[in-house]
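Per-entry structural report
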Amino acid sequence: MNDKKGVPAALVTGSTAGIGAAIALCLAEEGYRVILSGRREEAAVTELMDRIRGASGRRDACLYIRGDIAEESTRVALKEAVEKNFSSLAVLVNNAGITTAGRKDILELEIDEMERVFRVNLTAPFMLTKELVPSLAASTERSYVINISSLSSYTVSVNRADYCVSKAAVSMMTALFAGRLAGMNIGVFEIRPGIIATDMTAPVREKYDAMIDGGLLPLARWGTPEDVAKAVAAIVNGAFPYSTGEIFNIDGGFHIRRL
């Protein structure tokens, strides 16, 4: 799925830092033009955009659409940016995600907090995917939707109930779109990151350090955003041509049940 200059295009939500930024940079290195999306001022994204341009060797390697993905107006702006700048879309990475500030206990969670998390983590990627299907289907080659969920999709954290439930729903969303879009030559995949060093996990660094040192993970280290980005690269490079709806655990082996 190429723009008019023959360069494939990718859209990565929540791509101004952390996992999303690493994915955007990796896709640029793989030859994609990238649409970045996030809530930060554009001035705060300048360094990342320069890195993307340097990695791709193209001045037009990326553009930035600022806005809250939970708002319909932002999703409309992203759709319009794709249609204006590209003849089709090769890759959509639904990465943007939040959790309730303070990691509230399940019995203290307020409905407005839960609804906010669901709008960002579930409703936004669901609706954005649906709206971008025509652009994804416009390619003569296979296109991809990659949903970044979490080990929290199946792991109980009673102080992050909203996040856990939203990510569990993303797993079903992945399966639903995989089934519906397979006949349109669109592969849909889910990546479940584990304990990844990002701004979101920074407040609990000491907690996870202790758990990792105590044997929580077979691969006894923190994950990096680049670990997740490499999984995205493998998918979009066609490593799994006879798969869709597949789940990739990028978690240091956390998902393995051990005695």
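Residues numbered from 1 in each chain as written. Predicted model: local features only at pLDDT ≥ 70, side-chain atom pairs only at ≥ 80, totals over all residues. Heavy atoms only, no water.

**What to know about the environment of Leu216**
Cut-off, in case you're wondering: Under the DSSP-based scheme used, a helix requires at least four consecutive residues in state H or I and a strand at least two consecutive residues in state E, with every element numbered from the N terminus. Residues are treated as being in contact if the distance between any of their heavy atoms lies within 4.5 Å.
Relative to the assigned elements, Leu216 resides in the loop between helix H6 (205-213) and helix H7 (225-236). Distance from Leu216 to Leu78, taken between C-alpha atoms, is 39 Å for residues 138 residues apart in sequence. Other than its neighbours up to four places away in sequence, Leu216 contacts Ile195, Met211, Phe254 and Arg258.

**Here we look at a nonpolar patch on the surface**
Going by this rule: Patches were defined on residues exceeding 30% relative accessible area and lacking a salt bridge, with like-charge contacts within 9 Å and nonpolar side-chain contacts (Val, Leu, Ile, Met, Phe, Trp, Tyr) within 5 Å. Each accessible area is a Shrake-Rupley estimate made with a 1.4 Å probe; only the visible protein chains count as cover when residues are assessed. Any carboxyl oxygen of Asp or Glu within 4 Å of a side-chain nitrogen of Lys or Arg constitutes a salt bridge here.
Residues Ile106, Leu107, Val156 and Val158 make up a contiguous nonpolar surface patch of about 460 Å² in total accessible area. Relative to the elements of secondary structure, Leu107 occurs in the loop between strand S4 (91-94) and helix H4 (111-136).

**Quick look at the sheet that holds strand S1 (residues 9-12)**
This is how the line gets drawn: A strand pair is defined by DSSP finding two or more bridges across the two strands. In this description, a line fitted to the C-alpha atoms serves as the axis of each element, helices being fitted only across the stretch in contact, and the angle between N-to-C directions of two axes falls anywhere from 0 to 180 degrees.
Sheet architecture is open: seven strands sit in the order S3-S2-S1-S4-S5-S6-S7, paired in parallel fashion. Of all strands in the sheet, those with a lone pairing partner are strand S3 (62-66) and strand S7 (247-250), marking the two edges. Taken pair by pair, the neighbouring strands of this sheet meet at an average axis angle of 15 degrees, ignoring direction. Pairing of S1 with strand S2 (residues 33-38), which is carried by four bridges, proceeds in the parallel orientation. Note that in S2 the partner of Ala9 across the bridge is Arg33. Contacting S4, strand S5 (143-148) and strand S6 (186-193), helix H5 (residues 161-181) crosses the sheet at an angle of about 160 degrees to S6.

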